[in-house]
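# Structural description and commentary
Residue strings, one per chain:
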Amino acid sequence: MESIRIFEKDDHKNWLKGVVSLRCLQEPLKHFIDRQVGIFHQEVRNKCDFVQCDKKCDLRNWKPRPNQIPSFDCPACSRWSNVMWANHNNQRGKVMWMNSEPHLWAQKKWEVAKVYMGDGHRKHKSIDDFDIHALLSLMTQCKHFKIFELGTVCEEVTSFRNKIMHSSSLQLKTEDMHRYFHLIRALGDALAKHDTAFITLSQDIDEIQNLDFRLMLPADKILRQRGKELEDMLFEAVQLANECDQKIQTLRRSYKNRLRRQQEMIAQRDINILSLHSAVAQEADEHAHTRMRLEKLERELAQRRQEIRHSAPCQRRTLEEFGQMPEGLRIVPVVLAAVTAIFMSILSLL
């Protein structure tokens, strides 16, 4: 299998590109020629007045000679051969009469078309049986295709095909490849005026020309498969790492949020504690002030009691005197006592 590695070299890659380009040309060319052969066959039938062979003529006993038309005892085949000969561009060369079955000329278009091809197509019956060399030969040898004004481009593309397919080294120089691809584009552009199947040919040739490829041998395939598996594993590992990182980031954000909320709760609790301490201190001050007032009142009350004890005899005398006072003046001591009590109350509040 190592011998196939020659196609990793540029000139061998160019040869492969040349083969692919011919295949790329062959597809639209088949569509075009299949339709044109039908038109040409109808034209020949018209010139032959639609006569058909009724003797099963064949060419088994005829020896091909240049510049000669087979002789037939059948008027129909003689007429068909003369019209076909008149439409051949190589009348002085070798005409491939042996490719066809004369008695089928009037019925099968490809039996007529094969006369304008190279040798070796006797058993071919449809467009899919012919390679690109046969199709290009048909276009070169049949005068019907002169209406497309192709000049010598068909012969040049045929020469390119022969150099590609008959290359013993399977090599093609880059400059030759560019020149041959230019010929294929030229043929495609000329035929695109008559058949839309050629519209994308130039673009396809550009893609082939710019294509960069390498062969994949079984060992390379195993290595590539292993590499693909490793790439998949690496991709999965990276994806898993990304998922873990996302989860870590999510947990980190969640932890930060919880920590912030706890810090806010602690700060609020500290504020509440300070407020409570302040309220307790204020209340304690109020209690102390109240107690001091109570103590002061108790002292004043004790003093008042002491004064009352000392003044009791005097008060008795006063009462006696009060009793002896005229009735109209008895209110005076009562008022004085009330005023004195009020004044003492006011003094206790200061």
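Numbers given for residues are sequential positions, taken from 1 along each chain in its written order. Under the rules for a predicted model, residues below a pLDDT of 70 receive no local features and side-chain atom pairs below 80 are neither given nor counted, while totals for whole chains, interfaces and linings still include all residues. Neither water nor hydrogens contribute to the side-chain values; these are computed over all heavy atoms in the structure.

### A look at the overall build of the protein chain
Cut-off, in case you're wondering: Secondary structure is summarised from DSSP: a helix means a run of H or I of at least four residues, a strand means a run of E of at least two, and numbering begins at the N terminus for each. Note on contacts: a residue pair is in contact if any heavy atoms of the two residues lie within 4.5 Å.
Helix and strand content of the protein chain: 9 helices and 0 strands. Counting from the amino terminus, the protein chain carries its helices and strands in the arrangement α-α-α-α-α-α-α-α-α. Considering only contacts in the protein chain between residues 6 or more positions apart, those separated by 24 or more positions represent 66%.

### Describing the packing of aromatic side chains
Here a ring pair, both rings aromatic, is described through the centre-centre distance and the interplanar angle of the planes. Filter applied, for reference: Between the rings of Phe, Tyr and Trp (Trp by its six-membered ring), a pair exists once the centres lie within 6.5 Å; its type follows the angle of the planes, with under 30 degrees stacked, over 60 edge-to-face, and the other angles tilted. Classification of residues uses two cut-offs on accessible area relative to the type maximum, computed with a 1.4 Å probe and protein chains only: under 20% is buried, over 50% is exposed, and between them is partly exposed.
Within the structure shown, the criterion is met by 9 aromatic pairs. Aromatic side chains F32 and F198 sit 5.9 Å apart centroid to centroid with 75° between the ring planes, which places their arrangement in the edge-to-face category. You can see F32 sitting in helix α1 (residues 10-47) and its partner F198 sitting in the loop between α6 (174-192) and α7 (201-209), a full 166 residues away along the chain. A single burial state applies to F32 and to F198, both of which are buried. Members of the aromatic cluster, joined through ring pairs, are F32, F145, F148 and F198.

### Considering unusual backbone geometry
The backbone phi angle of F50 is positive, close to 65°, even though this residue is not glycine. With respect to the helices and strands, F50 occurs in the loop between α1 and α2 (75-86). One non-glycine residue, K56, adopts positive backbone phi at about 55°. With respect to the secondary-structure elements, K56 resides in the loop between α1 and α2. The exposed category is assigned to K56, whose relative accessible area is 61%.

### Considerations on the packing of α6 against α7
Any two packed helices are characterised by how steeply their axes cross, that is the angle between the axes, and by the distance between the axes. Worth spelling out the cut-off: The axes are straight lines fitted to the C-alpha atoms, using for helices just the contacting stretch, and the angles between their N-to-C directions are given from 0 to 180°. For this classification, under 35 degrees means roughly parallel, over 145 means roughly antiparallel, 65 to 115 means roughly perpendicular, and everything else is oblique. By definition, any crossing whose near helix is turned counterclockwise from its far helix by less than a right angle is left-handed, and any crossing with a clockwise turn is right-handed.
Here α6 crosses α7 at 165°, and the two axes come no closer than 9 Å. Taken together, α6 and α7 sit at an angle that is classed as roughly antiparallel. Taken as a pair, α6 and α7 cross one another with a handedness that is right-handed. Between α6 and α7, the residues in contact are M177, H178, F181, I184, R185, G188 and D189 and L201, S202, I205, D206, I208 and Q209, respectively.

### Considerations on the pattern of salt bridges
Quick reminder of the rule: Salt bridge, as used here: a side-chain nitrogen of Lys or Arg that lies within 4 Å of a carboxyl oxygen of Asp or Glu.
Counted by the stated rule, this structure contains 16 salt bridges. Residue K109 pairs with D34 through a salt bridge whose shortest N-O separation is 3.1 Å. Of this pair, K109 sits in helix α3 (residues 109-113) while D34 sits in helix α1, placing them 75 residues apart in sequence. Residues D176 and K163 are paired through a salt bridge, measuring 3.5 Å at the closest nitrogen-oxygen approach. With D176 in helix α6 and K163 in helix α5 (residues 153-165), the pair connects residues that are 13 residues apart, well separated along the chain. Judged by its relative accessible area of 16%, D176 is buried. On the basis of relative accessible area, K163 is assigned to the partly exposed category, the value being 41%.

### A few points about the environment of S100
Along the chain, S100 falls in the loop between α2 and α3. Note: C-alpha distance between S100 and H121 (21 residues apart in sequence) is 8.1 Å. Leaving out residues up to four positions away in the same chain, S100 has contacts with L59, W105, E111, K114, V115 and R122.

### Section: the packing of α1 against α5
Defined as follows: Charged residues are taken to be Asp, Glu, Lys and Arg, nonpolar residues to be Ala, Val, Leu, Ile, Met, Phe, Trp, Tyr, Cys and Pro, and polar residues to be all remaining types, Gly included.
Where α1 meets α5, the axes come as close as 10 Å, and the angle between the chain directions of the two elements is 135°. For the element pair α1 / α5, the angle class is oblique. In the crossing of α1 with α5, the sense of the turn from one axis to the other is left-handed. Residue-level contacts link W15, G18, V19, S21, L22 and L25 of α1 to V157, F160, R161, I164 and M165 of α5. Across the contact of α1 with α5, the residue classes break down as 8 nonpolar, 2 polar and 1 charged.

### A short note on the environment of K114
To be explicit about the condition: Identification of polar contacts relies on pairs of N or O atoms within 3.5 Å, with a donor-acceptor requirement for protein atoms, meaning one able to donate a hydrogen and the other able to accept it, and with residues adjacent in sequence counted only if both atoms are side-chain atoms.
By the secondary structure assignment, K114 is in the loop between α3 and α4 (132-141). Take K114: its relative accessible area is 0%, and that puts it in the buried class. As a C-alpha pair, K114 and S137 span 23 residues in sequence and 9.7 Å in three-dimensional space. With sequence-adjacent residues up to four places away left out, K114 is seen in contact with M96, N99, S100, H121, R122, H124, K125 and F130. Polar side-chain contacts of K114 include one of 3.1 Å to the side chain of E111.

### Here we look at α4
Where burial is concerned, most of α4 is hidden: 9 out of the 10 residues are buried. Turning to α4, its buried residues number three or more, namely I132, A134, L135, L136, S137, L138, M139, T140 and Q141.

### Focus: the state of the cysteines
Quick reminder of the rule: A pair of cysteine sulfur atoms is labelled a disulfide when the two atoms are within 2.5 Å.
Inspection of the entire model under this criterion finds 0 disulfides. The structure places no disulfide on C48, whose sulfur is separated from the nearest cysteine sulfur, that of C77, by 9.9 Å.

### Some details on the side chain of E101
Relative to the helices and strands, E101 resides in the loop between α2 and α3. Judged by relative accessible area, E101 falls into the buried class, the value being 18%. For E101, the side chain forms a polar contact with the side chain of R122, separated by 2.9 Å.

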